Amino acid sequence: MPLMPKRVKYRKFQKGNTRGKASRGATIYFGDFGLQVVQPGRLKNNQIEAARIAITHHLKTKGKLWIRIFPDRPFTKKPAETRMGKGKGDVAGWEAIVLPGRVVFEIAGVEPDVAMEALRLASYKLPVATRIIKREIL
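Residues numbered from 1 in each chain as written. Predicted model: local features only at pLDDT ≥ 70, side-chain atom pairs only at ≥ 80, totals over all residues. Heavy atoms only, no water.

1. Considerations on the side chain of Arg 68
With respect to the helices and strands, the residue Arg 68 is situated in the loop between β3 (64-67) and β4 (73-77). Given the relative accessible area of 19%, Arg 68 is considered buried. Of note is the side chain of Arg 68, whose polar atom sits 2.2 Å from the side chain of Glu 106. For Arg 68, the residues in contact, after removing those within four places along its chain, are Gly 25, Thr 27, Tyr 29, Phe 30, Arg 102, Val 103, Val 104 and Glu 106. (Helix = DSSP H or I, 4+ residues; strand = E, 2+ residues; numbered from the N terminus. Buried < 20%, exposed > 50% of the residue type's maximum accessible area, 1.4 Å probe, protein only. Polar contact = N/O pair within 3.5 Å; in protein donor to acceptor, adjacent residues only side chain to side chain. Contact = heavy atoms within 4.5 Å.)

This is the structure in structure tokens:
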């Protein structure tokens, strides 16, 4: 079952803007290693799921994974070979808007090289540039 909200206030959303930096979710909170977005973009539910599968496949049964974003906005698409006009298209799927600095995935409970490799594999599945960050030791 794809990631999607149970219900939303409006069936179709406007695109809005992706300017600025993330004010929330920009630090590692749960795990020891995280995948941080460095450019703004929109992550579709199937892209988030593909990255999650890549991480869990590499971790096997070890460690713990946190997904820090949720695709809560619908995106629309007009059918192929349709003339211009006639209104906005039907809802085609769900996406999460991410701003630079947002931590998308966190991992804990595995060796550093295993966590780094899992997050590197996940980064290939996402359409935005990312970087791997470590928890700051206080």
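Now that the structure is up, let's keep going.
2. Brief notes about the sheet that holds strand β1 (residues 33-37)
Read across the sheet, four strands follow the order β3-β6-β1-β7 without closing on themselves; strand pairing throughout is antiparallel. For this open sheet the edge positions go to β3 and β7 (130-134), each flanked by a neighbour on one side alone. Direction aside, the axes of adjacent strands within the sheet are offset by 20 degrees on average. Summarising the sheet, β3 and strand β6 (residues 103-108) pair through four bridges and their orientation is antiparallel. Bridge pairing in β6 links Leu 65 to Ile 107. (Pairing = 2+ DSSP bridges. Axes fitted to C-alpha atoms, helices over the stretch in contact; angles between N-to-C directions.)

3. Comments concerning the environment of Pro 112
For Pro 112, the position within the fold is in helix α2 (residues 112-123). The spacing of Pro 112 and Trp 94 is 18 residues in sequence and 32 Å in space, taken between C-alpha atoms.

4. As for the pattern of salt bridges
A side chain with one charge may pair with a side chain of the opposite charge, provided their charged atoms come close. Going through the model one piece at a time under the given rule, you end up with five salt bridges. Taking the shortest distance from any N to any O, the salt bridge between Glu 95 and Arg 42 comes out at 3.3 Å. In this pair, Glu 95 sits in strand β5 (residues 90-98) while Arg 42 sits in strand β2 (residues 41-44), placing the two residues 53 residues apart along the sequence. Across the salt bridge formed by Glu 117 and Arg 120, the nearest N and O atoms sit 2.5 Å from each other. Here Glu 117 and its partner Arg 120 are both found in helix α2, three residues apart, which amounts to about one turn of the helix. (Salt bridge = Lys/Arg side-chain N within 4 Å of Asp/Glu carboxyl O.)

5. Observations concerning the sheet that holds β5
Ordered by their spatial adjacency, three strands build an open sheet running β2-β5-β4, and the pairing between neighbours is antiparallel. Looking at strand neighbours, the two that pair on one side only are β2 and β4, the edges of this open sheet. Direction aside, neighbouring strands of the sheet carry axes that sit 50 degrees apart on average. Along the sheet face, helix α1 (residues 45-59) touches β2 and β5 and points at about 70 degrees away from the line of β2.

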